[in-house]
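Notes for the structure review
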Amino acid sequence: MLTFNDNKAGMGGLDKEKITKVIEENTSASYSSFSKKQQSRIDEKVAEIKNRIEKATREEKQKAENSMKNLEIKLEASRDLSRDCVCIDMDAYFAAVEMRDDPKLRTIPMAVGSSAMLSTSNYLARRFGVRAGMPGFISKKLCPELTLVPGNYPKYTKVSRQFSEIFMEYDGDVGMMSLDEAYIDLTEYVANRTEKRIFTRHRYGGDCPCWLPRVPEDEDIENLQFEDSECTKCSKNRRAYFDDVEFGVGREEVVREMRFRVEQLTGLTCSAGIAANFMLAKICSDFNKPNGQFVLENDRNVILEFLEKLPIRKVGGIGRVSEAHLQSMDIRTVGDMLLQKALFPLCFSPLAQESFLRTALGLPGRPSSSDPRRKSISVERTFSPTSDFQMLCDVHLEICQMLEEDIRKAGVIGGKTITLKLKLSSFDVLTRSLTPSDTVSSLEDIQKYSLELLEKEKGKEIRLLGVRLSQLVFEEEKKSKTITDFWNDAKQQKPLSSPEDADEIIMMDTRPCPICGADVENQLEILNRHVDECIQKMTDEESPELICISVETKKKVEKPVVFSKKRKIQEKKPAAKKVATIDSFWKKE
DNA sequence: TACATACAC
DNA sequence: CATGGTGTATGTA
């Protein structure tokens, strides 16, 4: 049913039927009936679509076809094949971080999440059908030996900051879609890149399993230079091999270089897609996963050919429901979309028509709202279903307190509209909202208005409560000055790296380690590693992270001013998302 | 404006 | 035992 799809990578050749059966057997009655309800809603819509096509008159069909033809001409005129867009996606991100920091997890099936929900699974676990979005307790049935690791979001956030700094050197306006996904416009960088770059590559071997990347077992290491040392973590001997690697000037080479640097810095691999726009780059990033990249030539025919056989579900924005709708029109691949485009006006809204046609042509989505500011802020929690109103009020108060705190941290003064979200024990979701004449800002206001809404739902058995504030009012921001100052300060202190003096960094000058004073090769990744070792030596056993960026290096993050030269009007990157705040997971009464 | 849906990660 | 949390966009009334 709709519980399991093998859309994502890593599941070749497993027994789908068996997995589906295990999932069904372990699905609760209430969830199962909710799923059925959802499915029948989709079926209804599908019937409606078929019906509309069936009973459309000749004139209507003709009109629809003309309308799509005109739209296609208009859209085709906007095609831009001049850009180098890159989407970089970390491989099994949360799981990879946990595996990096605990070698025992590298060889067993493992997932990050709770018994209620998994965020990621490693590739070994995926072979059992264990995947992101699946409840942990069902995963355990599919794979009894599965190890569940609770997520450590502050750590994932920190690591994400580390590698986004690398991307920032290539595109000052890099868009982080989430902790593990980056959109990079390389056009300008590639155009200006005239020289190859050489990096020292560090890889590890010996008895110490801690550091990554490892030298492959089958590689001939006869002629590699190395250095032995005692690992500060496991006390075993670690052998660090090093050699030079070169990266040329084309976009593929530059992307290889970025991926190389990410792995050197964090010990994590990522995959990349390269194409004429971000919509295509995102699809491509999935093609050679894990630890690979895929380029789609900036050529109309090549793009259309690539899309012809591509299942529609691989396209960003087409989910379970749209897939079903389109399938009812015999559309399974993007190629089919192009063949059937004349039917769109009979079944879909104008926006949906355009969006599907853009997809079919390999064009990016409509650039959306130019206001980069966030539009809403919310907190929601799931708990054991209850209709006890006092209990719901207690939860509600806590949620309001958390929301108020988040609002303050976000530099938001208040908002016009307050929305209460409820999920019933049946899994049905309701929202109730109101817009008072005055802006809602204090904890008291938030609580008062949302409680008003909650009171009207007395008696319902509820499993989730949420409160959202929208139509936000922001603090007057004078941030740009701060950032500039920050950058100027950093510049005077001799920054570790910047595009202008990139060559100096690659060439081998040294720089004293701020911790131990020893001369260290002045290359960002190497320096970070060294500093990290030093810090580990002198500090705790506490921090489980192997790689931790130095404080100095961190300051360099804020430098978009320098890089953002005038850029052509272009497709909007997906908006950067706020990092979720984590608190201990509470549940039960 | 209010509410529901769909989607991404 | 047991199916998440945050945010955006869009359709419809």
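Sequence positions are assigned chain by chain, starting from 1 and proceeding in written order. All chains are assigned letters beginning with A, and all ligands numbers beginning with 1, in the order in which they are written. In keeping with the predicted nature of the model, local features appear solely for residues at pLDDT of at least 70, side-chain atom pairs appear and are counted solely at 80 or more, and the whole-chain, interface and lining totals rest on all residues. As a convention, hydrogens and water are excluded, and side-chain values are obtained from all of the structure's heavy atoms.

The name that an unreviewed UniProt entry assigns to chain A is DNA polymerase kappa, with the source organism given as Caenorhabditis brenneri. UniProt positions are given in the numbering used here, feature names are shortened, and annotations may be inferred rather than shown by experiment. Among the UniProt annotations of chain A, the heading Catalytic activity (unreviewed entry) holds the following wording: "DNA(n) + a 2'-deoxyribonucleoside 5'-triphosphate = DNA(n+1) + diphosphate".

Now for the protein's contact with DNA strand C. Taken together, the neighbourhood of DNA strand C is formed by 30 residues, with Ser349, Arg374, Glu380, Thr382 and Arg463 sitting nearest. The sugar-phosphate share of atoms of DNA strand C within 4 Å of the protein amounts to 63%. Here a polar contact is taken to be a pair of N or O atoms separated by no more than 3.5 Å, where protein atoms must pair a possible hydrogen donor with a possible acceptor and residues adjacent in sequence count only if both atoms sit in side chains. At 2.8 Å from a phosphate oxygen of DNA strand C is found a main-chain nitrogen or oxygen belonging to lysine 375. Contact between DNA strand C and glutamate 380: a phosphate oxygen at 2.6 Å from a main-chain N or O atom of the residue. When residues of the surface near DNA strand C are traced back to their parent elements, those giving at least two are α6 (136-142), α15 (350-361), β12 (376-386) and β15 (462-474). Split into classes, the residues belonging to the surface near DNA strand C amount to 13 nonpolar, 10 polar and seven charged. Throughout this document, a residue counts as near a molecule or strand when at least one of its heavy atoms sits within 4 Å of that molecule or strand. Comment: elements are numbered from the N terminus, with helices defined as DSSP H or I runs of at least four residues and strands as E runs of at least two. All residues other than Ala, Val, Leu, Ile, Met, Phe, Trp, Tyr, Cys, Pro, Asp, Glu, Lys and Arg, Gly among them, are scored as polar; the first ten of these are nonpolar and the last four charged.

Let us look at the protein's contact with DNA strand B. Lining the immediate surroundings of DNA strand B are 23 residues, of which Ser322, Thr431, Ser433, Thr435 and Gln471 lie closest. Near the protein, within 4 Å, the atoms of DNA strand B are sugar or phosphate in 96% of cases. Between serine 322 and DNA strand B, the recorded distance is 2.6 Å, taken from a side-chain N or O atom to a phosphate oxygen. Counting residues per element, the ones that place at least two in the surface near DNA strand B are β5 (175-178), α12 (320-327) and β14 (429-434). Element by element, the count of residues in the surface near DNA strand B is highest for β14, at five residues. For the surface near DNA strand B, the residue count by class is six nonpolar, 10 polar and seven charged.

Here the focus is the pairing of strand β9 (residues 237-247). Here, strands pair whenever DSSP counts at least two bridges between them. In terms of strand pairing, strand β7 (residues 197-206) meets β9 through 10 bridges, oriented antiparallel. Following the sheet pairing, glycine 205 is matched in β9 by arginine 239. Sheet analysis places strand β8 (residues 225-230) next to β9, joined by six bridges and oriented antiparallel. Among the inter-strand pairings, glutamine 225 is bridged to a residue of β9, identified as phenylalanine 242. The loop that links β8 with its antiparallel partner β9 comprises six residues; one of these, serine 235, has a positive phi angle of about 65°.

Further remarks concern the domain arrangement of chain A. The source of the domain bounds is an automatic or database domain assignment. One can read the domain layout of chain A as domain 1 (56-81 + 303-361), domain 2 (154-299), domain 3 (376-478) and domain 4 (483-588). Just the C-alpha atoms count here: the centres of domain 1 and domain 2 sit 36 Å apart. For this analysis, residues touch if any pair of their heavy atoms sits within 4.5 Å. Facing the nine residues of domain 1 at the interface are 12 residues of domain 2. Summed over both sides, the interface of domain 1 with domain 2 buries roughly 910 Å², with 77% coming from carbon and sulfur. Taken as a group, Leu81, Ile303 and Phe306 account for 62% of the area that domain 1 buries against domain 2, more than any other trio of residues on that side. Here a salt bridge means any side-chain nitrogen of Lys or Arg lying within 4 Å of a carboxyl oxygen belonging to Asp or Glu. Viewed at the interface, domain 2 and domain 1 are joined by zero salt bridges. Summed over the shared surface of domain 1 and domain 2, the result is two residue pairs in polar contact (both at pLDDT 80 or more). Buried area: the sum, over both parts, of the accessible surface (1.4 Å probe) that disappears when the two are put together.

Once that is clear, we can look at unusual backbone geometry. Look at the link from leucine 212 to proline 213: it is a cis peptide, with omega at 0°. Looking at where proline 213 falls in the secondary structure, it is placed in the loop between β7 and β8. If you check the backbone angles, aspartate 330 has positive phi at about 65° while not being a glycine. In this structure, aspartate 330 sits in the loop between α12 and α13 (334-339). Even without a glycine there, the phi angle at glutamine 471 is positive, about 55°. By secondary structure assignment, the location of glutamine 471 is in strand β15.

Another aspect to go through is the sheet that holds β15. The four strands are arranged β12-β15-β13-β14 in an open sheet whose pairing can be described as antiparallel. Two strands bound the open sheet, and with one partner strand each, they are β12 and β14. Geometrically, the sheet is characterised by an average inter-axis angle of 20° between neighbouring strands, direction not taken into account. By the bridge criterion, six bridges tie strand β13 (residues 412-424) to β14 in an arrangement that is antiparallel. If you follow isoleucine 418 over to β14, its bridge partner there is leucine 434. Axis geometry follows a simple rule: fit a line to the C-alpha atoms, using only the stretch in contact for helices, then measure angles between N-to-C directions, giving values from 0 to 180 degrees. Relative to the sheet, helix α16 (residues 389-409) contacts β12, β13 and β15, its axis offset from that of β12 by approximately 155°.

Taken together, the three strands give an open sheet; going across it, the order is β3-β2-β4, and neighbouring strands pair in mixed fashion. The open sheet has two edge strands with one neighbour each: β3 (118-121) and β4 (147-149). Across the sheet, the axes of successive neighbouring strands diverge by a mean angle of 30°, strand direction being ignored. Across the face of the sheet, helix α4 (residues 93-101) comes into contact with β2 (110-113), β3 and β4 while running at roughly 115° to β2.

End to end, α16 covers 30 Å across 21 residues, agreeing with the expected 30 Å (1.5 Å per residue, within 8%). Relative accessibility under 20% of the residue-type maximum defines a buried residue, over 50% an exposed one, and the middle range a partly exposed one, all with a 1.4 Å probe and only protein chains included. Within α16 the residues assigned to the buried category are Phe389, Leu392, Cys393, Val395, His396, Ile399, Cys400, Met402, Leu403, Asp406 and Ile407. Elements that come into contact with the buried residues of α16 comprise β12, β13, α17 (443-455) and β15. Where α16 ends, the next residue or the one after it, glycine 411, has phi of about 70°, a positive value. Expected helix span is computed as 1.5 Å times (number of residues minus one).

A few words on the nonpolar core. The biggest cluster of nonpolar side chains holds 40 residues, and the ones touching the most others in it are Leu326, Met329, Met337, Phe344 and Phe348. Every element with two or more residues in this core is listed here: α2 (29-54), α3 (58-77), β1 (85-90), α10 (278-284), α11 (300-308), α13, α14 (344-347) and α15. In terms of residue count, α10 provides more of this core than any other element does, six residues in total. Every residue in contact with phenylalanine 344, bar those within four places of it in the chain, is listed here: Met68, Leu326, Met329, Ile331, Met337, Gln353, Phe356 and Leu357. Throughout, nonpolar core names a set of buried Ala, Val, Leu, Ile, Met, Phe, Trp, Tyr and Cys residues whose side chains join them through atoms within 4.5 Å. Val97, Met168, Leu179 and Leu268 belong to the second-largest nonpolar core, a separate cluster that totals 38 residues.

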